[in-house]
Amino acid sequence: MMTFRTGAGSVCVALALLLAVPLGAQSPAGSKAAPGMMDVNWNDPAIKNFVRDRQTNPPQSVGPEDQAKLSRLKLPVIAFDRPPGVVSRAFGAEALPARQRQVVMDPDNPVWYTIVDTYGDLTVVIDADLRIQQQLPAGTQVFTPPQGITAEPQVSSVDRGVEEGMEGLIAEYTVLKFPDIPYRVTLECSPARKQHCTDKDAVLRDRESLTIISARPPE
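Only a predicted model underlies this, so the values are computations on that prediction, with no experimental measurement involved.

**As for the sheet that holds strand E11 (residues 181-189)**
Link 1 in the chain: The antiparallel open sheet is built from six strands, whose spatial order is E5-E6-E7-E11-E10-E9. Since the sheet does not close on itself, it has two edges, and those belong to strand E5 (100-105) and strand E9 (156-159), each with one partner. Ignoring which end each strand starts from, the neighbouring axes of this sheet average 15° apart.

**Side note on the layout of surface pockets**
Link 1 in the chain: As a volume, the second largest pocket reaches approximately 330 Å³.
Link 2 in the chain: Lining the second largest pocket are 16 residues, and of these Phe50, Asn57, Asp81, Thr211 and Ile212 sit closest to its centre.
Link 3 in the chain: Mapped onto the lining of the second largest pocket, the elements with two or more residues apiece are helix H1 (45-53) and strand E12 (210-214).
Link 4 in the chain: In terms of residues, the lining of the second largest pocket owes the most to one element, H1, which gives four residues.
Link 5 in the chain: Tallied by class, the residues present in the lining of the second largest pocket amount to eight nonpolar, four polar and four charged.

**So, the pairing of strand E6 (residues 112-119)**
Link 1 in the chain: Most of E6 is tucked away: eight of the eight residues are buried.
Link 2 in the chain: Covered by surrounding structure in E6 are Trp112, Thr114, Val116 and Thr118 together with Tyr113, Ile115, Asp117 and Tyr119, the residues of both alternating faces.
Link 3 in the chain: Here six bridges tie E5 to E6, and the two strands are oriented antiparallel to one another. The residue bridging glutamine 100 from the neighbouring strand is threonine 118, located in E6.
Link 4 in the chain: Count of turn residues in the E5/E6 antiparallel hairpin: six residues.
Link 5 in the chain: Sheet topology note: the E6/strand E7 (residues 122-129) ladder contains eight bridges and is antiparallel. The residue of E7 that forms the bridge with threonine 114 is aspartate 127.

**A word on the packing of aromatic side chains**
Link 1 in the chain: The final tally for this structure, using the stated rule, is two aromatic pairs.
Link 2 in the chain: Ring plane angle 50° and centroid distance 6.4 Å describe the contact between tyrosine 113 and tyrosine 183, whose orientation is recorded as tilted. Taken together, the residues tyrosine 113 in strand E6 and tyrosine 183 in strand E11 connect sequence positions 70 residues apart.
Link 3 in the chain: On the accessibility criterion, tyrosine 113 (0% relative accessible area) is buried.
Link 4 in the chain: Tyrosine 183 gets classed as buried once you look at its relative accessible area, which sits at 0%.

**As for the pattern of salt bridges**
Link 1 in the chain: In this structure the tally under the stated criterion is seven salt bridges.
Link 2 in the chain: Between arginine 193 and aspartate 121 there is a salt bridge, and its shortest N-O distance comes to 3.0 Å. Here aspartate 121 lies in the loop between E6 and E7 and arginine 193 lies in the loop between E11 and helix H4 (194-198), a separation of 72 residues in the sequence.
Link 3 in the chain: On the basis of relative accessibility, which here comes to 19%, the residue aspartate 121 falls in the buried class.

What counts and how
Residues numbered from 1 in each chain as written. Predicted model: local features only at pLDDT ≥ 70, side-chain atom pairs only at ≥ 80, totals over all residues. Heavy atoms only, no water. Pairing = 2+ DSSP bridges. Helix = DSSP H or I, 4+ residues; strand = E, 2+ residues; numbered from the N terminus. Axes fitted to C-alpha atoms, helices over the stretch in contact; angles between N-to-C directions. 1 Å grid on protein atoms, 1.4 Å probe; cavity = no way out; pocket = protein on both sides within 12 Å on 5 of 7 lines; lining within 4 Å. Points joined across faces, edges and corners; volume = space filled by probe spheres on them. Nonpolar A, V, L, I, M, F, W, Y, C, P; charged D, E, K, R; others polar. Buried < 20%, exposed > 50% of the residue type's maximum accessible area, 1.4 Å probe, protein only. Phe/Tyr/Trp six-rings, centres within 6.5 Å; stacked < 30°, edge-to-face > 60°. Salt bridge = Lys/Arg side-chain N within 4 Å of Asp/Glu carboxyl O.

In structure tokens:
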């Protein structure tokens, strides 16, 4: 686990996501993953559209230094290219702080990433990992939604005020993309912004603004 120091305190980001996948599962369309890794459906229309348009409509939030890191990743990178609604509501358009972005990944094993966007005393973290952290024996029954139906993400929250020496509130949810890679979104609000993390419906609506900011399909 890695801890990032921000203006809102520390954001604890578990870089290895827990995902239960049966050993005998079939791979979706796209590139076949190595053993112990999740498959990426590089044929997903969203990825194809991004690759087609990235020269004429590049992500606004990615500078050359970050792009050099992101372009090495073996999974599509999603993030908020513009400040999400929770940030806009917390500060208002006129007082919106400049975003400070930190990109963390392993250049020697580019199968995971963490993006930390800090807006004053509110932090937005997105992390994803292709590594399968837990495998179940073949034949284990795992619930899969019917084709065409995606399970609705659920927002969980932790009030840090109940912990000695901690303050503020953390909210998080996970979305599955391409097709089953878990992308986790974590918000950390200071006590002054705490109410903006407690509205779970509003927090969850921001997932519609998540967009691909880097994707390099294998050649």
